[in-house]
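Overview (structure and organization)
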4 protein chains.
Amino acid sequence: MSNATDSFKQKLYTIIFRSDTKAGKLFDIILLWLIVLSIFLVFTESINSVRQSYPRALRLAEWGFTIAFTIEYLLRIYSSKNRLRYIFSFYGIVDLLALLPGYMSLVLQGGQYFIVLRSIRLLRVFRILKLTRYLYEGNVLKTALKASLYKITVFLSAVVALVTIVGTLMYVIEGENSGFTSIPMSIYWAIVTVTTVGYGDISPVTPLGQFIASLLMITGYGIIAVPTGIVSVEMAKASLPGNQCPSCKNPIDRFGANFCSYCGVSLNESTNS
Amino acid sequence: MSNATDSFKQKLYTIIFRSDTKAGKLFDIILLWLIVLSIFLVFTESINSVRQSYPRALRLAEWGFTIAFTIEYLLRIYSSKNRLRYIFSFYGIVDLLALLPGYMSLVLQGGQYFIVLRSIRLLRVFRILKLTRYLYEGNVLKTALKASLYKITVFLSAVVALVTIVGTLMYVIEGENSGFTSIPMSIYWAIVTVTTVGYGDISPVTPLGQFIASLLMITGYGIIAVPTGIVSVEMAKASLPGNQCPSCKNPIDRFGANFCSYCGVSLNESTNS
Amino acid sequence: MSNATDSFKQKLYTIIFRSDTKAGKLFDIILLWLIVLSIFLVFTESINSVRQSYPRALRLAEWGFTIAFTIEYLLRIYSSKNRLRYIFSFYGIVDLLALLPGYMSLVLQGGQYFIVLRSIRLLRVFRILKLTRYLYEGNVLKTALKASLYKITVFLSAVVALVTIVGTLMYVIEGENSGFTSIPMSIYWAIVTVTTVGYGDISPVTPLGQFIASLLMITGYGIIAVPTGIVSVEMAKASLPGNQCPSCKNPIDRFGANFCSYCGVSLNESTNS
Amino acid sequence: MSNATDSFKQKLYTIIFRSDTKAGKLFDIILLWLIVLSIFLVFTESINSVRQSYPRALRLAEWGFTIAFTIEYLLRIYSSKNRLRYIFSFYGIVDLLALLPGYMSLVLQGGQYFIVLRSIRLLRVFRILKLTRYLYEGNVLKTALKASLYKITVFLSAVVALVTIVGTLMYVIEGENSGFTSIPMSIYWAIVTVTTVGYGDISPVTPLGQFIASLLMITGYGIIAVPTGIVSVEMAKASLPGNQCPSCKNPIDRFGANFCSYCGVSLNESTNS
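As the structure is a computational prediction, the values presented were derived from the model and not from experiment.

Our focus in this paragraph is the interface of chain D and chain A. Contact with chain D, which involves 45 residues of that partner, is made by 45 residues of chain A. Across the chain D to chain A interface the summed buried area is about 3,800 Å²; carbon plus sulfur atoms make up 70%. Applying the counting criterion to the chain D and chain A interface returns zero salt bridges. Here chain D and chain A share six residue pairs in polar contact (both at pLDDT 80 or more) between them.

Here it is in structure tokens:
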């Protein structure tokens, strides 16, 4: 291959895979819009009246997206430095899966199950969203969530234990005639209740059942405080730099502080990264 | 124009447009009540039984408000320093739009759509509410909300992504016979569920659908903690000492700081009360 | 009156009106149980099947409570230092109102409206609950709530403005055939939705209505963070002593600290109240 | 008994009752799975269609679990140091109760009520979960919850008072024709509303009733902030440095404290990392 082809491939790579140049950003934005529109197409096509009114327009649009994504996929393979690695990477497979339903609809006469395949395009949004990882704000959120993940898991286990016990109880109390037809169904009801969703498709009718339901609601209402408290504290911690003044060992209050607010020593030389 | 007219115009301007004199405050309070009552009239008129029982009284009251607002509008034009600027300002247009429905009902026989126009009066409340901008408490709230706006947007995008994915899944799982008639409808259901509203107009009936719904509810119940944590932390920051470093005018980070973390000046002598 | 009567009256007063002696506490606990049981009687009597099954038992119990409360009322009048002041005090009137329904049922044949009168007994619970005002924990809660009351009012006004606007919009969009029969009804729906209660007695059926409802739900879900943030911050402030170290002017961390954690000076002599 | 038997009993004890050896951990994990599967069996058996389709398989599985738990129970008795103490301990009784339903089904022909007995197996999960008490994260949660328990109780009492008053009011306002058939039923509705569950099985139909319901919803929406604020503050306290003053062993209040606020000793030399 000549040097010119190499340089062209290099340029293409920068445009398609990276987003630190103007052309790269433009490519990402156009791709984001294409993906969003193609997902929007899947959604509107699922509406019966739309599908029956505009069958040709929908088919045309679907083919347009399939061809556009095929070109993009081929360009990605062409320009990537290690082709096999791209093809078998997570995003490589997602990119391929996003094309398949369009071509498969030529051969097969599928119905609803194509939608699952076509919805895989949703995953393609993450290709662009991964850029957000460079954002500061997202980092604070992520740090706080990671730090509170374990505590929240402990909390959610307690909630699961609670709904299991209450669900079993309610199955015995309410019996089958008021919608509590099995223990899993009763646990489903307990989850609907403790999370304060409250569909009302199943609701207790016996006085004792209503009393236990009331206790469960008040519990759910009260313990929502727990995850909130956890995240608040972690969020507060995550927005602190977390390092100490080299002179007096007090914590530093603020990202980018020039001086320690305890002893007044200058922080700019070395420590405060 | 004579000097006396000028002085009268000046006085009128102070009463109508400002609220730092006694007369100005009185004018604002009377206007607020007129607006609130006129909105209340629109609301009660929308109740069928009321509209049919008192057609004359409602028509009379409507004309009373229209005439009062017309006089106010003409006085505002007359007394304002730059008339064109007032007429084409946001509040000038709102004031005009609040009059139109009354006069249009003479000519046209509209029905429900007049209500939209007449509801524009709602916007007039903000004319008076803008005074709240001088309140300290409102400022703390605003600062905290502005600071957390970006983080909450990131959070809400994640919620939107979640409901899109779960909505699509549920459309495939539940099928059309249990209310999940299209993907947008399923996404609507997912929003109703994750926000713990839970109307119950659509609810899953298959075991797998109920299982996924349960996961979604518990997620919604758990992640409400995130915006709450964000706002708590920002609120805590916004209600910080609030006084400035006497030397560099930057805000002081912490109750009881000895040194400014921006310029390193000692704070102990005088300012930091 | 002899000295013995005086001393008896004094003793009675201590038992009935105060709760710092053993007898006073016992009296309060017995009274609390009597009040709770009498309220419980009103509640169970409101159940149709109970009222029809045990008419005599209910009537007997009602007379028992009426006589017991009459004796208590007369003793209170007898032992109080300033009789007229007690009779016309808030609790004096409540005590009297709690007796009336029993005697009125002799003369009149009322139905449901007696329940309102008899429910006044609920207010009597506060007579005992007023003791809680001496509790430290209640004070922290009260201080925090008082401090955040104004901010929460500002917040709730914004919520009221939001539901008014969305309610009016939905009335126009949804029309009368899906339950949005008037603007007040639509505002009621908007409140049910924004607070995430979601009865489901009214719910949008048009796509545009469902879209706006979704926005409202997500808003309601997001802004719950605001009052929570407010109260958290005030609660954190309320649980700090709020005074400074006399030597280094740093805030004191903890109620009852012996030494300043910043400069080590002893706090026990004077400042730390 | 010979020394070999003793040593065998000792080994068995370590495996069954403790979990600090490899074999002990393995035993715990196998037991946890057995318990979870046996509970899962009870749950699936409660589904009508499953019970009628696979009666033999369910009976077999049930006997399998009963025999496995019997062997475990006998081994526990055999290896425990103080046998009577184990048999009459809380977990000893739970272990026995978990066996009974299996054997009782031989003699009696019970129906639904066996499920209650068999659900006691749920309690056995805690036998393994008690290990979590050694986890640091669980401790922070527990400390925070214990510290806020009293404040949350005060808060919940206020909520109970509120729903009692509103429930009584609504019973009088709405009357019996819209589902508010008795005061306890109305209180149940008030709890469903204030906790934002909102089943919709009962909902107000009169304008006044809907107005009061709206107030109750907004109140419920606003006061959820209170427990959240309480727990946040306690959680923040519970996750404090956590190390002790080297001199007086009291906890240190604040990151970066220079002196212990209990005994005044300087903390800067060594401990406070």
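Core analysis: the largest hydrophobic core is formed by 196 residues, its most contacted members being Trp189 of chain A, Trp189 of chain B, Trp189 of chain C together with Trp189 of chain D. If we ignore the near neighbours within four places in the chain, the residues touching Trp189 of chain C are Tyr199 of chain B together with Val166, Met170, Phe180, Ile202, Ser203, Pro204, Ala213 and Leu216 of chain C.

All names here are of chain C. Take Ser214: it is sitting in helix H11 (residues 207-223). For Ser214, a relative accessible area of 7% corresponds to the buried category. In the structure, Ser214 is positioned 20 residues away from Val194 in sequence and 9.9 Å away in space, judged by C-alpha atoms. Side-chain polar atoms of Ser214 contact the backbone oxygen of Gln210, separated by 2.8 Å.

On to the packing of aromatic side chains, then. This structure, assessed with the given rule, holds 28 aromatic pairs over all chains. Taking 5.1 Å as the distance between ring centres and 25° as the angle between the ring planes, the aromatic pair formed by Tyr13 of chain A and Phe17 of chain A counts as stacked. Here Tyr13 of chain A pairs with Phe17 of chain A, and both are found in helix H1 (residues 3-17), just four residues apart, close to one helical turn. Residue class for Phe17 of chain A comes out partly exposed when judged on its relative accessible area of 24%. Their ring planes at 25° and their centres at 6.3 Å tell us that Phe65 of chain B and Phe69 of chain B sit as a pair that is stacked. In this pair, Phe65 of chain B and Phe69 of chain B are both assigned in helix H4 (residues 55-79), four residues apart and thus about one turn of the helix distant. Overall, the relative accessible area of 3% leaves Phe69 of chain B in the buried class. Cluster of aromatic residues (ring-pair linked, three or more members): Tyr13, Phe17, Tyr73 and Tyr86 of chain A. Between Arg76 of chain C and the ring centre of Phe17 of chain C, over which it is positioned, the NZ or CZ distance is 5.1 Å.

The next thing to look at is the relation of the copies chain D and chain A. The operation relating the pair of chain copies consists of a rotation about an axis and a translation along that axis. Overlaying chain D with chain A gives an RMSD of 1.5 Å, the required rotation being 89° about an axis along which the chain moves by 0.3 Å. The superposition of one copy onto the other is thereby described by a four-fold rotation axis. When the interface residues of chain D are mapped onto chain A, a mere 16% of them again fall at the interface, so the copies present different faces.

Turning our eyes to something else, we now look at the pattern of salt bridges. Taken as a whole and assessed by the stated rule, the structure comprises eight salt bridges over all chains. In this structure, Asp95 of chain A engages Arg76 of chain A in a salt bridge whose closest nitrogen and oxygen atoms are separated by 3.8 Å. Here the residue Asp95 of chain A occupies a position in helix H6 (residues 90-107), and Arg76 of chain A occupies one in helix H4 (residues 55-79), the gap between them amounting to 19 residues. Where Glu72 of chain B meets Arg76 of chain B, a salt bridge forms, and the shortest distance between an N and an O atom there is 2.6 Å. Within this pair, Glu72 of chain B and its partner Arg76 of chain B are both found in helix H4, separated by four residues, close to a single helical turn. By relative accessible area, Arg76 of chain B is classed as buried at 1%.

This part covers the packing of helix H11 (residues 183-194) of chain D against helix H12 (residues 207-223) of chain D. Residue and element names in this part refer to chain D. H12 packs onto H11 with a crossing angle of 50° between their chain directions and a minimal axis gap of 8 Å. Between H11 and H12, the interaxial angle falls into the category oblique. Facing Trp189, Ala190, Thr193 and Val194 of H11, the residues of H12 in contact are Ala213, Leu216, Met217 and Gly220.

Attention shifts here to helix H10 (residues 183-194) of chain B. Residues and elements named next belong to chain B. For H10, with 12 residues, the first-to-last C-alpha span of 16 Å sits near the 16 Å given by 1.5 Å per residue. Counted residue by residue, H10 has 11 buried out of 12 residues, so it is predominantly covered. Taken residue by residue, H10 has Ile183, Met185, Ser186, Ile187, Tyr188, Trp189, Ala190, Ile191, Val192, Thr193 and Val194 as its buried positions. Directly after H10, the chain includes Thr196, whose backbone phi takes a positive value near 60°.

With that settled, consider the confidence of the model for chain A. All names here are of chain A. On average, residues of chain A score 78 in pLDDT, and 77% of them reach the 70 mark or higher. Here helix H8 (residues 121-129) stands out as the element of chain A with the lowest mean pLDDT, 66, in contrast to helix H10 (residues 183-194), whose mean of 92 is the highest. Overall fold confidence for the complex sits at a pTM of 0.79, while the interface term, ipTM, reaches 0.76.

Let us look at the environment of Ile187 of chain A. Position of Ile187 of chain A relative to the elements: it lies in helix H10. You can call Ile187 of chain A buried: its relative accessible area is 14%. Residue contacts for Ile187 of chain A: discarding those within four places in its chain leaves Val163, Thr164 and Gly167 of chain A together with Phe43 of chain D.

Among the structural elements, Thr193 of chain D can be located in helix H11. Apart from residues lying up to four places away in sequence, Thr193 of chain D is in contact with Val197 and Tyr199 of chain C together with Ala213, Leu216 and Met217 of chain D.

Procedures and definitions
Residues numbered from 1 in each chain as written. Chains lettered and ligands numbered in written order. Predicted model: local features only at pLDDT ≥ 70, side-chain atom pairs only at ≥ 80, totals over all residues. Heavy atoms only, no water. Contact = heavy atoms within 4.5 Å. Buried area = accessible area lost by both parts, 1.4 Å probe. Salt bridge = Lys/Arg side-chain N within 4 Å of Asp/Glu carboxyl O. Polar contact = N/O pair within 3.5 Å; in protein donor to acceptor, adjacent residues only side chain to side chain. Core = buried A, V, L, I, M, F, W, Y, C linked by side-chain atoms within 4.5 Å. Buried < 20%, exposed > 50% of the residue type's maximum accessible area, 1.4 Å probe, protein only. Helix = DSSP H or I, 4+ residues; strand = E, 2+ residues; numbered from the N terminus. Phe/Tyr/Trp six-rings, centres within 6.5 Å; stacked < 30°, edge-to-face > 60°. Lys NZ or Arg CZ within 6 Å of the ring centre and 35° of its normal. Least-squares fit on C-alpha atoms with pLDDT ≥ 70 in both. Axes fitted to C-alpha atoms, helices over the stretch in contact; angles between N-to-C directions. Parallel < 35°, antiparallel > 145°, perpendicular 65-115°, else oblique. Expected span 1.5 Å × (residues − 1). pLDDT = per-residue confidence, 0-100.

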